[in-house]
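# Close look at the chain arrangement
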Amino acid sequence: MNRLSATAFSAGAAVWPRYRPEEYRAGIVHLGLGNFARAHLLDYTDKVLARRGGDWRVIGVSLRGTAVAEALNPQDGRYVLIERGLETHARVIGALKHVIAGPRMASCALAAMSRPGCRIVSITVTEKGYGIASDGALDRTHPAVAADLAHPEAPAGVIGLIVAALAARRAARLPAFTVLSCDNLSHNGQKLRRAVLEFADATYPHDLAGWIAAHATFPSTMVDRITPAATRDTLAAAQQLTGHEDIAAVETEPFRQWVIEDDFSAGRPEWELEGALFVRDVGPYEQMKLRMLNGAHSMLAYSGQLSGKAYVRDVMADPAHAVLVRRHLKAAAATVRGLAIDLDAYATALAERFTNPSIAHATAQIAMDGTQKLPQRITAPAMEAMEAGSPVRPFAFALSSWVAYLARRDACGAPIRVDDPRADALIAAVSGRRDAATLLATIAAACPDVLPEAMSTGAFGARLEESLDAILREGMTAVITQEAMLDAE
Ligand code: CS2
């Protein structure tokens, strides 16, 4: 079977590019070319290129390993995007020019970002990839930030690369690019701007920070598309849909959403032609999505993992658990302000998306990196709900599910290491301590940004302890049934 490529003959049910991608040059360098970027930024950009053309193809960068380059470069950047809803649709994407990947390729990435044609540097490196503390400051203890602060001339992390590329552009008298963060952080653009300026201030003379502040823009964005990790079935489907072998295929849901602050220093593709919404302030959209979709996701991931549900759709197939998802969506919606959107309808649509039987979205995948995700998904709305006197029980259940997940033991009684950049601190916090009150106190001490004092003590703390105690003693399945019978208090 031949590999998919720019010269592969079109076959199968997939739609092939209706334009000639190779006629256009790259205008975007994307850092963190995972499945999500391939299902989102590249999907929008590919469709705009097909309508309007333009030098907006994307150079992908993935510095963690070489696998993405090995998959995509032999395919000339082509891959098939499979949308799974009531029907299956597949499209071969032509917007990706090539990929720079592997830990030794940082200087190539820097060169690509420093070229005149690069007008946007977009990013999906997950919450933990930046080196930004939850208050928005530069996290100097983050491994990539620390390494780049020591050697700013040879950066390999996101912030170090952006600063070095902007320094090179200034020296070459080239315009600054737009920095477009597409990760699930609140105020992602604003925070990245602050961290970039702090880094530039600490490393470069001649007021580079001032030049960046004056010339580069950092629009915040809200991105949404549920994109599970690809599996063997994805690759088999890709082969069937394209008639070619494609080892970079991605599966995703039909829904997609992108809300962007319209603040681009060097132009942009007309993504609005494909439904992207350009607004002045993304804040309220971001709150809606992070608190409702992602908050409910985190809650159902931990409670799902503890009740034997491998996929989000399995949670939704359990009527009691689905009640808790809807309850969470409602409590989260009560904390969202400033949007003329029907949040009940949004919640109903989310529950439907979670139920999609064709999407195998693993609860284990969502459960990763809790310390990076929970502050904006659960802690912030819980604090506001507490202050407003609105229902907090769903937030307490979500957090106690997380702590119970951290406290899982293997067959020998040792704590199971979770996938989280703060795993060492979490293991230390749960070791040898099994009662709810002590667990909560040690986790609160280790992660005050997830569990601040106002939430580990007082009425909320008592609720949390009661909920965690019930999960530890009776098991998650029993607690889900009990919780579902109660109304949110
Ligand atoms: C999920 C998100 O893995 C997770 O934590 O909540 O990746 C979610 O699927 C996306 O944000 C949907 O847009």
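Everything numeric in this text was worked out from a predicted model, so none of it was measured. (Residues numbered from 1 in each chain as written. Predicted model: local features only at pLDDT ≥ 70, side-chain atom pairs only at ≥ 80, totals over all residues. Heavy atoms only, no water.)

## Remarks on the packing of aromatic side chains
Put simply, the rule reads: Each pair of aromatic rings taken from Phe, Tyr and Trp, with Trp reduced to its six-membered ring, is defined by centres within 6.5 Å and is described as stacked if the planes are under 30 degrees apart, edge-to-face if over 60, and tilted in the remaining cases. Only DSSP runs of H or I covering at least 4 residues are called helices, and only runs of E covering at least 2 are called strands; the numbering of each starts at the N terminus. Relative accessibility decides the category of a residue: with a 1.4 Å probe and only protein chains considered, values under 20% of the type maximum give buried, values over 50% give exposed, and everything between is partly exposed. Ring-over charges, as used throughout, are those where CZ of Arg or NZ of Lys falls within 6 Å of the ring centre and within 35 degrees of the ring normal.
Summed over all chains, the structure comprises six aromatic pairs. Here the aromatic rings of W258 and W271 are separated by 4.5 Å at their centres, their planes lie at 45 degrees, and the arrangement is tilted. Linking W258 in strand β10 (residues 257-261) with W271 in the loop between β10 and β11 (277-279), this pair joins segments that are 13 residues apart in sequence. Accessibility assignment for this pair places W258 and W271 in one class, buried. Taking the centre distance of 5.1 Å and the plane angle of 55 degrees together, the rings of Y302 and Y405 count as tilted. In this pair, Y302 is assigned in helix α10 (residues 283-305) and Y405 in helix α16 (residues 393-406), connecting sequence segments 103 residues apart. Y405 shares its class with Y302; the two are buried. Taken together, Y44, W258, F264, W271 and F278 form an aromatic cluster joined through their ring pairs. Looking at R119, its charged tip hangs above the ring of W56, at a distance of 3.9 Å from the centre. Cation over ring: R408 sits above Y405, and NZ or CZ is 4.0 Å from the ring centre.

## With respect to the packing of α10 against α16
Relative placement of two packed helices is described by the angle separating their axes and the distance separating the axes. Selection criterion: Only C-alpha atoms enter the line fits that serve as axes; for helices the fit covers just the stretch in contact. Angles between N-to-C directions range over 0 to 180 degrees. With respect to orientation, any angle under 35 degrees is reported as roughly parallel, any angle over 145 as roughly antiparallel, any angle of 65 to 115 as roughly perpendicular, and every other angle as oblique. Helix crossings get a hand from a simple test, with the near helix turned counterclockwise from the far one by less than a right angle marking a left-handed crossing and a clockwise turn marking a right-handed one. The contact criterion used is simple: two residues touch if any of their non-hydrogen atoms lie within 4.5 Å. Here the term charged refers only to Asp, Glu, Lys and Arg, the term nonpolar to Ala, Val, Leu, Ile, Met, Phe, Trp, Tyr, Cys and Pro, and the term polar to all other amino acids, Gly among them.
Across the interface, α10 lies against α16 with an axial gap of 8 Å and an inter-helix angle of 45 degrees. Our classification of the angle between α10 and α16 gives oblique. Along this stretch, α10 crosses α16, giving a crossing that reads as left-handed. Listed contacts from α16 to M299, Y302, S303 and Q305 of α10 are F397, A398, S401, W402 and Y405. A breakdown of the residues in the contact of α10 with α16 according to their chemical character gives six nonpolar, three polar and no charged.

## A look at the site of the ligand
Let me state the cut-off plainly: Here, proximity means that at least one heavy atom of the residue falls within 4 Å of the molecule or strand. Counting of polar contacts relies on pairs of N or O atoms within 3.5 Å, with two restrictions inside protein: one atom must be capable of donating a hydrogen and the other of accepting it, and residues adjacent in sequence are counted only when both atoms are side-chain atoms.
Around the ligand, a shell composed of N184, D224, R225, I226, K289, L293, N294, H297, H361, I366, K373 and R377 is seen. In the environment of the ligand, an oxygen atom lies 2.9 Å from a nitrogen or oxygen atom belonging to the backbone of R225. Here N294 contributes a side-chain N or O atom positioned 3.0 Å from an oxygen atom of the ligand. At the level of secondary structure, the elements contributing two or more residues to the shell around the ligand comprise α10 and α15 (370-388). No other element matches α10, which puts four residues into the shell around the ligand. Within the shell around the ligand, the residues separate by chemical class into three nonpolar, four polar and five charged.

## Section: the pairing of strand β2 (residues 57-62)
Definition in use: Criterion used throughout: strands pair if DSSP finds at least two bridges between them.
Counting buried positions along β2 gives six out of six residues, so the element sits mostly inside the fold. Pairing between strand β1 (residues 26-31) and β2: five bridges, direction parallel. From the neighbouring strand, V29 faces β2, where its bridge partner is I59. Looking at chain direction, β2 and strand β5 (residues 96-101) are connected through five bridges and run parallel. Bridge pairing in β5 links S62 to A101.

## Quick word on the UniProt feature "domain: Mannitol dehydrogenase N-terminal" (unreviewed entry) in the protein
To keep things clear, this is the line we draw: UniProt positions are given in the numbering used here, feature names are shortened, and annotations may be inferred rather than shown by experiment.
UniProt tags residues 27-272 as "domain: Mannitol dehydrogenase N-terminal" (unreviewed entry). End C-alpha to end C-alpha, residues 27-272 measures 17 Å, and it is 36% helix and 20% strand.

## A word on the packing of helix α17 (residues 423-430) against helix α18 (residues 436-446)
Packing of α17 against α18 leaves a shortest axis separation of 9 Å and a crossing angle of 155 degrees. Classified by the angle between their axes, α17 and α18 sit roughly antiparallel to one another. The interaxial crossing formed by α17 with α18 has right-handed handedness. Each of A425, L426, A429 and V430 in α17 lies in contact with α18, whose residues at this interface are L439, T442, I443 and A446. Residues that form the contact of α17 with α18 fall into these classes: seven nonpolar, one polar and no charged.

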